[in-house]
Amino acid sequence: MPARWPCSGSAPFFSDTAGISGISAGAAIAAYSFLGFDAVTTLTEETINPRKTMPRAIMLIALIGGAIFVLVAYTTTLVHPGGVFENSSSAAFDIALTIGGNVFGAIFIAGLVLGQFASGLAAQAGGARLLYAMGRDGVLPRRIFGAISERYRTPVISIVITGVVGLIALFLDVATSTSFINFGAFTAFTFVNLAVIAFFVRERKAGIRHNVWLYVVIPAIGAVVDAWLLTQLDVNAVTLGLVWLAVGVVVLAFLTKGFRKAPPELAFEEAEEAVLATP
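Residue indices begin from 1 for each chain and proceed along its sequence in written order. Only residues with pLDDT of 70 or above have their local features reported here, since the model is predicted, and side-chain atom pairs are shown and tallied only from 80 upward, although totals for entire chains, interfaces and linings are computed over all residues. Heavy atoms from the whole structure form the basis of all side-chain values; hydrogens and water molecules are not counted.

A. The arrangement of helix 3 (residues 91-136) in detail. Here helix 3 contains 46 residues, and its C-alpha end-to-end distance of 43 Å is more than 12% below the 68 Å for a straight helix at 1.5 Å per residue. The angle between axes fitted to the seven residues ending at a residue and the seven residues starting there is what we call the bend at that residue. Each helix corresponds to a stretch of at least 4 residues labelled H or I by DSSP, and each strand to a stretch of at least 2 residues labelled E; elements are numbered beginning at the N terminus. In helix 3, a bend of some 130° at Gly101 exceeds every other bend along the element. Where helix 3 terminates, the next one or two residues include Gly138, which has phi positive at roughly 85°. Any helix carries an expected span of 1.5 Å times its number of residues minus one.

Structure below.
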């Protein structure tokens, strides 16, 4: 029989033991759940009426996904308050057993496997499509990443490379793998915020005025929060992330001839009808 839920309905929103450091560490990991909503944009060229469809898709993914994650986190906290597990990698399965016993646990595992496959396919398709666009436009080596299979009319090499890189996750635990992904996200978000401030400064020098709160204060707060969350990630993920970042800097230096010229820009073509990727 399922165990009774051991805490009240409002308990997941309050905790006497939660502090700033604990909340920050949790947020650094939990942010992984909310990443990827923008990855749908990699398929813009294959989308009908992308100017209208893509903004709606991004907002709906963020809102629907956010609501699902909040509901799941709320429910699991009711079932298992405290957030401490003997094995964090099997925490979801343990909670499923607590909720509905062995039958529900088996159904949950089956759904989890299917969901992981679907998520992996979506990630591989999006990543490979982005690599293809970068190769086609000269950001990455065109002969490798921009190549299209004569038979399948898809960027097979980019798909295979994305899959091989994804297999690295087999050798990482949950905390390290999610932290590694979050490292890239927080690093990107930090520089996006700094880029907004740099844009404000450049525009101001040109005599164009923008709202200081929107273009300086809020981005500065965002950059500080992202930088702080970076310090809360798994140390192995930070190490791997810094190595990956260094590789990216080297590639960028090569493409820009030692940062003496602007890097290549991606060109996104629009189509009125969905089409397959073509050279």
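B. Region of interest: unusual backbone geometry. Positive phi values are uncommon outside glycine, yet Arg153 reaches one of about 60°. Mapped onto the elements of the fold, Arg153 is located in the loop between helix 4 (142-145) and helix 5 (156-166). The buried label goes to any residue with under 20% of its type's maximum accessible area, the exposed label to any with over 50%, and the partly exposed label to all in between, with areas taken from a 1.4 Å probe on protein chains only. Take Arg153: its relative accessible area is 32%, and that puts it in the partly exposed class. With phi around 65°, Phe259 is a residue other than glycine that occupies positive phi space. Structurally, Phe259 is set in the segment after helix 8 (235-255).

C. Spatial organisation of the environment of Gly146. Its location among the elements puts Gly146 in the loop between helix 4 and helix 5. Here Gly146 falls in the buried class, since its relative accessible area comes to 17%. When the C-alpha atoms of Gly146 and Ala133 are compared, they prove to be 6.9 Å apart, with 13 residues separating the residues in sequence. Throughout, a residue-residue contact means that at least one pair of heavy atoms, one from each residue, lies within 4.5 Å. Setting aside anything within four residues of it in sequence, one finds Gly146 in contact with Tyr132, Gly135, Arg136 and Pro141.

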